[in-house]
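Now for the letters of each chain:
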Amino acid sequence: MIFAGKKVLVFGTGKSGIAAEDLLHKKGASVVLYDGNDKLEKEEILKKLESRDSVEVVLGELPEEMLDSLDLVVLSPGVPTDLPVVLKMKEKEIPVIGEVELAYQVSRGKVLAITGTNGKTTTTSLLGEIMKAYQPEVKVVGNIGTPYTSAALDTTDDTVTVAEISSFQLETTEHFHPKVSAILNITPDHLNRHHTMEEYIRVKELITGNQTKDQVCVLNYEDEVLRTFGESGQVKAKVVYFSSLRELPQGIFLRGKEIVLRAGEKEFVITTTDRLKILGRHNHENTMAAAAMAYYAGVSVESIRRSVCEFVAVPHRIEYVTEKNGVAYYNDSKGTNPDAAIKGIQAMNRPTLLIGGGYDKESSYDEWIESFDGKVRYLVLIGQTKEKIKAAAERLGFTDIILCEDLKEAVRVCAEKANPGDAVLLSPACASWGQFDNYEQRGDMFKEYVKAL
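The paragraphs below set out a description of the structure included in this document. (Residues numbered from 1 in each chain as written. Predicted model: local features only at pLDDT ≥ 70, side-chain atom pairs only at ≥ 80, totals over all residues. Heavy atoms only, no water.)

Attention now goes to the packing of helix α17 (residues 407-417) against helix α18 (residues 439-451). Contact pair α17 / α18: the axes reach a minimum separation of 10 Å and the direction vectors enclose 45°. Classified by the angle their axes make, α17 and α18 are oblique. As α17 runs across α18, the sense of the crossing is right-handed. Contacts between α17 and α18 pair Leu407, Lys408 and Val411 from the former with Arg442, Met445, Phe446, Tyr449 and Val450 from the latter. In terms of residue class, the contact of α17 with α18 is built from 6 nonpolar, no polar and 2 charged. (Axes fitted to C-alpha atoms, helices over the stretch in contact; angles between N-to-C directions. Helix = DSSP H or I, 4+ residues; strand = E, 2+ residues; numbered from the N terminus. Parallel < 35°, antiparallel > 145°, perpendicular 65-115°, else oblique. Left-handed = near helix turned anticlockwise from the far one by under 90°. Contact = heavy atoms within 4.5 Å. Nonpolar A, V, L, I, M, F, W, Y, C, P; charged D, E, K, R; others polar.)

So, on to the nonpolar core. Counting residues in each nonpolar core, the largest one holds 50 residues, and the members touching the most others are Leu24, Leu33, Val74, Leu102, Ile165 and Phe176. For Phe176, the residues in contact, after removing those within four places along its chain, are Val100, Glu101, Tyr104, Val111, Ala113, Tyr148, Ile165, Ile207 and Asn210. Ranked by size, the runner-up nonpolar core spans 41 residues in total, among them Ile278, Ala289, Ala291 and Val308. (Core = buried A, V, L, I, M, F, W, Y, C linked by side-chain atoms within 4.5 Å. Buried < 20%, exposed > 50% of the residue type's maximum accessible area, 1.4 Å probe, protein only.)

Running from N to C, helix α1 (residues 15-26) and helix α5 (residues 99-106) cross one another at 30°; their axes reach a closest spacing of 10 Å. With respect to α5, the element α1 is oriented roughly parallel. In this structure, α1 crosses over α5, and the sense of that crossing is left-handed. Facing α1, whose interface residues are Ser16, Ala20, Leu23 and Leu24, α5 presents Glu99, Leu102 and Val106.

So, on to the sheet that holds strand β6 (residues 110-115). On the basis of which strands lie adjacent, the open sheet formed by 9 strands has the order β7-β8-β6-β9-β10-β11-β12-β13-β14 and mixed pairing. The sheet terminates laterally at β7 (138-142) and β14 (266-272), the two strands that pair on one side only. Taking each pair of neighbouring strands and ignoring which way they run, the sheet shows an average axis angle of 20°. Sheet topology note: the β7/strand β8 (residues 160-164) ladder contains 5 bridges and is parallel. Residue pairing across strands places Gly142 opposite Glu164, the latter belonging to β8. (Pairing = 2+ DSSP bridges.)

Applying the stated criterion across every chain yields a total of 28 salt bridges. Put simply, Arg395 and Asp366 hold a salt bridge, and the shortest N to O gap is 3.1 Å. Residue Arg395 is found in helix α16 (residues 386-395), and its partner Asp366 is found in helix α15 (residues 366-370); the two are separated by 29 residues along the sequence. By relative accessible area, Arg395 is classed as exposed at 55%. (Salt bridge = Lys/Arg side-chain N within 4 Å of Asp/Glu carboxyl O.)

Any link to function would need more than the numbers given here.
Below you can see the structure in the form of structure tokens.
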């Protein structure tokens, strides 16, 4: 798509929106930066822009007449596609794309893209490290924190872009076309945005929608939705499965402690799980997915082996913080849904005081509570969901529950209640919004409160 001379509205003034505006400005477009929140300050937004003198900023209600002058709309990931103003744009047949699609259309080189409900950030970080060790030009972008649009213009034909792609980003793609894609797992999440599980699944599966038979899609064999999808004939790309529970005739799997890759007639032992620095079965799965993607992107087995053995856990994902008075503190702020938080509990090997709760994404918490498996001494709850989780826990027979006003109080209460040899785990099973800007801020504040004890 040619952007020069076009009038483009960028919807959203967060990191993605600012990066999209910058890219479009450099491509010669006339940009309107729009946000429905009329409480924002125009001057604060303009300070973030390199092109502050040439961009129009509109806040609050979008004037109807402005729609008639637009050639394109670029949505930031946080903007729901069913907002009345977005539906009106589509009614007027204005092309509406997402920030990832915009970046893809101007970038060069090959793309390796990862989605899934859980494990995306770890797998993307690990694959990024594998690729960086093997070749010079690598960009790691997307939902991991660096907008794809901020890196797209710096890519060349030799660049490998490793992208973490969320469901919010996938639903506004059109031509996005990874050379190797992966869907790690699918469990209920973001149903407040996608409304039904069927729609959430459909959007996740879009990551492979434009792939061809000479490309690769890596899927989790132990996820029933993904196994069915891989066997349905819908995936045009070559399907490569990974499994942590059984040997596969082809693909990558766990055999005892060995991570084994079978590709055609060849079989390689990538490494053994006791050589990895990241813990838990879910991380063995993340390692398998990243290793398979790297192999089919052309990286040697020896180079993959070195990188996976050197890799350490990403911040906010079962991250060891410190030990105080014999109590170990872990930050799993990235456990933003019940399934991710289950992984946090499963990784604990000592009695645990668990801090949970936050923004309500309309999740069910029963499976999370059932996974406590005698490990959780106290469930300490904060945020919008605390009463809802308390009711679910009591219905399931778990009654050692403490309600707190905020995270600072929760950390203090845990420190008072914990015995030497216990762990305190922040693994909220909920999004951070409402009390925090994002899960990173929540995790950083947790670490600060712990260190100040």
